[in-house]
Amino acid sequence: MIQIISYILVEIYFHLVLLIYVMKTLIVHYSHTGNNALLARKLSDLIDNSKVLEVNTTGKRKEFSIFLDLLFNRNPAVNYEPIDWSAYEMVIICAPVWNYKVAHPMRSFLRKERSGIPEYVFLSICSGREEQQQKLEKQLKDVLGKDPLFVHQLLLSSFMENKSMQTLDHPELTEERIENHKDLLESVVHRLKREGPV
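Rules used throughout
Residues numbered from 1 in each chain as written. Predicted model: local features only at pLDDT ≥ 70, side-chain atom pairs only at ≥ 80, totals over all residues. Heavy atoms only, no water. Helix = DSSP H or I, 4+ residues; strand = E, 2+ residues; numbered from the N terminus. Buried < 20%, exposed > 50% of the residue type's maximum accessible area, 1.4 Å probe, protein only. Pairing = 2+ DSSP bridges. Polar contact = N/O pair within 3.5 Å; in protein donor to acceptor, adjacent residues only side chain to side chain. Contact = heavy atoms within 4.5 Å. Salt bridge = Lys/Arg side-chain N within 4 Å of Asp/Glu carboxyl O. Axes fitted to C-alpha atoms, helices over the stretch in contact; angles between N-to-C directions. Core = buried A, V, L, I, M, F, W, Y, C linked by side-chain atoms within 4.5 Å.

Draft legend 1. Region of the structure containing the environment of W98. One can find W98 in strand β6 (residues 97–98). By relative accessible area, W98 is classed as buried at 11%.

Draft legend 2. Layout of the pairing of strand β8 (residues 119–126). Most of β8 sits out of view: 7 of its 8 residues are buried. Of the strand pairs in this sheet, strand β5 (residues 88–94) and β8 are connected by 5 bridges, and their pairing is parallel. Bridge assignment links C94 to a residue of β8, and that residue is L123. Two strands pair when backbone bridges link them, and β8 and strand β9 (residues 151–155) are joined in this way by 5 bridges, in the parallel orientation. Its bridge partner being in β9, I125 is matched across the sheet by L154.

Draft legend 3. Highlighting the side chain of S31. Structurally, S31 is set in the loop between β1 (24–29) and α2 (35–46). A distance of 3.2 Å separates the side chain of S31 from the backbone nitrogen of N36, its partner in a polar contact. Filtering out sequence-adjacent residues up to four positions away, S31 remains in contact with N36, A37 and P96.

Draft legend 4. Molecular detail of the pattern of salt bridges. The tally for this structure, following the rule as stated, stands at 3 salt bridges. Between E81 and K51 there is a salt bridge, with its nearest N and O atoms 3.8 Å apart. On the criterion of sequence distance, the pair formed by E81 in the loop between β4 (78–79) and β5 and K51 in strand β2 (residues 50–54) is long-range, its members being 30 residues apart. Overall, the relative accessible area of 31% leaves K51 in the partly exposed class.

Draft legend 5. The sheet that holds β1, seen in detail. Pairing in this open sheet of 5 strands is parallel, and the strands run β2-β1-β5-β8-β9 from one edge to the other. Only two strands of the sheet have a single partner each, and these edge strands are β2 and β9. Recorded for the sheet is a direction-independent mean angle of 20 degrees between the axes of neighbouring strands. Sheet strands touched by helix α5 (residues 132–144): β8 and β9. Its angle to β9, the strand with the most contacts, is close to 135 degrees. The strands that helix α9 (residues 182–195) touches are β5, β8 and β9; relative to β9, the one it contacts most, it runs at about 175 degrees.

Draft legend 6. Highlighting the side chain of K42. Here K42 is to be found in helix α2. Excluding residues within four positions of it along the chain, K42 makes contact with E175, I178, E179 and L185.

Draft legend 7. Geometry of the environment of M90. Inspection of the secondary structure assignment puts M90 in strand β5. A relative accessible area of 0% places M90 in the buried class. Put simply, M90 and L192 are 102 residues apart on the chain and 9.7 Å apart in space, counted from C-alpha to C-alpha.

Draft legend 8. Region of interest: the nonpolar core. Core analysis: the biggest nonpolar cluster contains 29 residues, and M106, F109, L110 and F122 have the highest contact counts within it. Every element with two or more residues in this core is listed here: β1, β5, β6, α4 (104–113), β8 and α5. Of the residues forming this core, the biggest block, 4 residues, is contributed by α5. Beyond its immediate chain neighbours, meaning those up to four positions away, F122 contacts I93, A95, P96, V97, V102, L136, L140, F150, V151 and H152. In this structure, V121, L156, F159 and L192 belong to the second largest nonpolar core, which totals 22 residues.

Have a look at this one:
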């Protein structure tokens, strides 16, 4: 009897340790220009007990490849490290938005990992076109079978210091520009703490 009680107590202790120390936030990113990769790394700096996972395509995506993805609704092959979903209670998905759609390589990842993904949010550094928010929310629900906690678009123009930089088709952010607008990321983290288990 004492052995059984001891075993149960050890099991309870193990699960408590798992909840307190092991449960993490996984920040998954795919990035074509590097902007959303930078976003993922900076978010990880602000969120305790988080891990960053990069999703890559088998080859470098070019503008024509992206055009074909959009035209034929393709799901390109992707590579990433194996994931133990039991270690995570929240997933932050960072990816570009192409013509109102979650970038196709990230969508490939979401389709493959659909059954394991717990609560999630979607973040993107993008142009933030009209009605894009609602379309992204619907797409994510269609792919994953459940609503995101929220979708948050960080507008590229918010990180640009002058108007000439805002006219670039694909402006690339730098560490300095992110640091100069760190309050934008901090506001996202505050929202995560209010609405999720971060």
